[in-house]
Amino acid sequence: MKIIKAILLAILYGAVYYSFQFIIGAILGALSMLAGIIISGTENSYDLYMGYINGGIGITLCFTVILSAILSFITYWGIFLLRKLKLTRVCNFKKLKFSYIPAAFILGISICFLNSSLLSWLSKIDFFKYYIEQYQASNFWISRTNTMLLFLALAVAAPLIEEIIFRGMIFYDLKQIMPVFPVIIIQGLLFGIYHFNIVQFIYASFLGIMFGLVYSWTQNLWIPVILHFSNNIMAVIAAKQPGSESLDGPDIRIFLISLAVTVLLCLFFYKRKIHSNT
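This is a predicted model, so every value here is computed, not measured. Just so you know, the residues in each chain are numbered from 1, in the order the chain's sequence is written. The predicted origin of the model limits local features to residues at a pLDDT of at least 70 and limits the giving and counting of side-chain atom pairs to 80 or more, whereas totals for whole chains, interfaces and linings rest on all residues. Each side-chain value is worked out from all heavy atoms of the structure, with water and hydrogens disregarded.

Concerning a nonpolar patch on the surface
Residues forming no salt bridge and having over 30% relative accessible area are the ones grouped into patches, like charges within 9 Å of each other and nonpolar side chains (Val, Leu, Ile, Met, Phe, Trp, Tyr) within 5 Å. In these tables, accessible area is a Shrake-Rupley quantity obtained with a 1.4 Å probe, and a residue counts as shielded only by the protein chains included in the view. Here a salt bridge means any side-chain nitrogen of Lys or Arg lying within 4 Å of a carboxyl oxygen belonging to Asp or Glu. Taken together, the side chains of Ile59, Phe63, Leu67, Ile70, Leu71, Phe73, Ile74, Trp77 and Leu81 make up a nonpolar region of the molecular surface, amounting to roughly 790 Å² of accessible area. Secondary-structure assignment places Phe63 in helix H2 (residues 45–82). Given a relative accessible area of 39%, Phe63 falls into the partly exposed group. Only DSSP runs of H or I covering at least 4 residues are called helices, and only runs of E covering at least 2 are called strands; the numbering of each starts at the N terminus. The classification of residues rests on relative accessible area computed with a 1.4 Å probe and restricted to protein chains. Under 20% of the type maximum is buried, over 50% is exposed, and intermediate values are partly exposed.

Given below as structure tokens:
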């Protein structure tokens, strides 16, 4: 019964966030098209479509993420009030030691490089190459969108709300009924599944497991938030660079350096492991 409850709650948390994204995205998309008609003075569907593709889609997606995050947080707060629990306590938002901030920031960057290497190697396999190319092509809007808006949406709003969902609420509910190791794996895989495509499933699952592992040691959600923040910053910077769609194999030197940095910083956090039954 407890496992069914945890599964249903995990589905609920994800459904809330993605339902807001769907509804807000549809509304903002329609408003963007309407604004295009008013500003351009044309109802030509092709011209409107190209205008939306060349600028409107990025603005729409960014505001969709930001507004969905805000409304989801309010909804989650209400859910936990009904459960007679305090969301900030469930998610372990605690005072953070200053030395942890640069360590977490650098670890997030090194994990990003490891993930890039993983995808580069997978792209050498025909099955994955097709999906990786499709995924990269679908992210064309990032290079055409204002950098500050991307920063607010993808490096602030998305990491914060996604960490609350996966390393916060889902991690908490699963930990009440099973040991921490399967919790780390399950919440990481759920993080991948909730991205809804095979490429993001691969790298998001890896991220989710790594973030969950560090969170299990530190018992402070600010750490995976910073990991997620720096990882997404690097991803945005990379997507903004010319030739970012290249599927060339990974630089083995970058891979080895990022692997070494990841291991060392994981050891840094492991040695400061906090034992907790909560």
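So that's the structure; there's more coming.
A closer look at helix H7 (residues 180–193)
With 14 residues, H7 should cover 20 Å at 1.5 Å per step; its first-to-last C-alpha distance of 20 Å lies within 8% of that length. Of the residues making up H7, those classed as buried are Val183, Ile184, Gln187, Gly188, Phe191 and Gly192. All buried residues of H7 project into a common sector of 165° when viewed along the axis, lining one side. By the convention used here, residues are in contact when the closest approach between their heavy atoms is within 4.5 Å. Its buried side turned inward, H7 meets helix H6 (147–175), helix H8 (198–218) and helix H9 (222–240). By this rule the span expected of a helix is its residue count minus one, scaled by 1.5 Å. The directions from the helix axis to the C-beta atoms form the arc being described.

Structural notes on the packing of H6 against H8
Across the interface, H6 lies against H8 with an axial gap of 11 Å and an inter-helix angle of 55°. Compared by their axis directions, H6 and H8 come out oblique. Note on packing geometry: the crossing formed by H6 with H8 is right-handed. Residue-level contacts link Glu163, Arg167 and Phe171 of H6 to Gly208, Phe211, Gly212, Tyr215 and Ser216 of H8. Between N-to-C directions, angles span 0 to 180 degrees; the directions come from axes that are lines fitted to C-alpha atoms, helices contributing only their stretch in contact. The labels follow the angle: roughly parallel below 35 degrees, roughly antiparallel above 145, roughly perpendicular from 65 to 115, and oblique for the rest. Less than a right angle of anticlockwise turn of the near helix away from the far helix marks a crossing as left-handed, whereas a clockwise turn marks it as right-handed.

A word on the packing of aromatic side chains
Pairing of aromatic rings covers Phe, Tyr and Trp, the last counted by its six-membered ring, and requires centre-to-centre distances within 6.5 Å; plane angles under 30 degrees mean stacked, over 60 mean edge-to-face, and any other angle means tilted. All chains considered together, the criterion is met by 18 aromatic pairs. Pairing Phe105 with Phe229 gives two aromatic rings, centres 6.0 Å apart and planes at 55°, and the pair type is tilted. Of this pair, Phe105 sits in helix H4 (residues 100–122) while Phe229 sits in helix H9; the two residues are 124 residues apart in sequence, bridging distant segments of the chain. Note on Phe105: relative accessible area 30%, which makes it partly exposed.

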